[in-house]
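# Observations on the three-dimensional arrangement
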Amino acid sequence: MMGAVATDSSSTPSNDKPRRARRTRMTGAERRQQLLEIGRTLFAAKGFEGTSVEEIAAKAGVSKPVVYEHFGGKEGLYAVVVDREMRRLLDMVTSSLTAGHPRELCEQAAFALLDYIEEYTDGFRILVRDSPIPQSTGSFASLISDIATQVEDILGREFKSRGFDPKLAPLYAQALVGMVALTGQWWLDVRRPKKAEVAAHLVNLAWHGLDGIEAKPHLIGRRKA
């Protein structure tokens, strides 16, 4: 007599199929934010021309019409990404200018730009590229000009108190902000020396000039890193 055939009690009955995980449907605002983040990453890595609507849609797991529905196309998405990054950088710089001493103000401005590069690297890569969209909300050059205008008012008051011609404040503001911005573009890839050291050297040149430059510059503000 043959023994009883062993059965596997752990097997799943044929009428008990495993359930698929339900996908949570995004709201319109959530989808828009997702597309912005994906577009920001792709534009930073590949540039505007190297990024396609197809790739953006594929990364988001949606069809191309969804991208067009939210932004009207790649150009609209790019313009919104650029506008957001410009506002973020401008806010970081202008909100950092709180010190009373002009030298510390230079330190704060330098740190703000370097902070943005470190924390929002993709955004900065997008900003420093020449915008291929004529109708976009601005460019890195116009952003730097906006920041220089903020610095210009501070320099104008300082010049006046020291008996200098305040009409020269715009020139010096453009020179100072431009120096920090170009150094930031260089630091974007090399990331050496450390951020605080870069800020110290920038202020060293701006404050002392080549004639009085310090061999080992130091920061006078409360922030040291």
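Here we summarise the structure given alongside this text. As the structure is a prediction and not an experimental result, all values here were calculated from the model.

## Thoughts on the overall build of the protein
For the protein, the helix and strand inventory stands at nine helices and zero strands. Split into buried and exposed, the 225 residues of the protein put 40% on the buried side. Put simply, 65% of the contacts in the protein that link residues at least 6 apart link residues at least 24 apart. Accessible area for the protein stands at about 14,000 Å²; split by element, carbon and sulfur atoms hold 53% of it.

## Regarding the packing of helix α4 (residues 74-96) against helix α7 (residues 140-161)
Viewed as axis vectors pointing N to C, α4 and α7 meet at an angle of 20°, and their least axial separation amounts to 10 Å. When the interaxial angle is binned, α4 and α7 end up roughly parallel. Crossing angle aside, the handedness with which α4 passes α7 is right-handed. Contact with α4, carried on its side by M86, L89, L90, V93 and T94, involves F140, S142, L143, D146, I147 and Q150 of α7 and no other residues of that element. Looking at side-chain class alone, the contact of α4 with α7 contains seven nonpolar, three polar and one charged residues.

What counts and what doesn't
- Counting from 1, residues in each chain are numbered in the order their sequence is written.
- With pLDDT at 70 or above as the cut-off, local features in this predicted model cover only qualifying residues; side-chain atom pairs require 80 or more to be listed or tallied, and sums for whole chains, interfaces and linings still use all residues.
- To get the side-chain values, all heavy atoms of the structure are used, and hydrogens and water are removed first.
- Helix and strand definitions here come from DSSP, where helices need a minimum of 4 consecutive H or I residues and strands a minimum of 2 consecutive E residues; each element is numbered from the N-terminal end.
- Think of it in three bands: with a 1.4 Å probe and only protein chains considered, a residue is buried below 20% of the maximum accessible area for its type, exposed above 50%, and partly exposed in between.
- Here, two residues are considered to be in contact whenever any of their heavy atoms come within 4.5 Å of each other.
- In this description, accessible areas are obtained by the Shrake-Rupley approach with a 1.4 Å probe, and a residue is regarded as covered only by the protein chains that are shown.
- Only the stretch in contact is used when fitting a helix axis, every axis being a line fitted to C-alpha atoms; angles between N-to-C directions are given from 0 to 180 degrees.
- These descriptions rest on fixed angle ranges, namely under 35 degrees for roughly parallel, over 145 for roughly antiparallel, 65 to 115 for roughly perpendicular, and the rest for oblique.
- Handedness of a helix crossing follows the sense of rotation of the near helix relative to the far helix, less than a right angle counterclockwise being left-handed and clockwise being right-handed.
- Residues are grouped as follows: nonpolar covers Ala, Val, Leu, Ile, Met, Phe, Trp, Tyr, Cys and Pro; charged covers Asp, Glu, Lys and Arg; every other residue, Gly included, is treated as polar.

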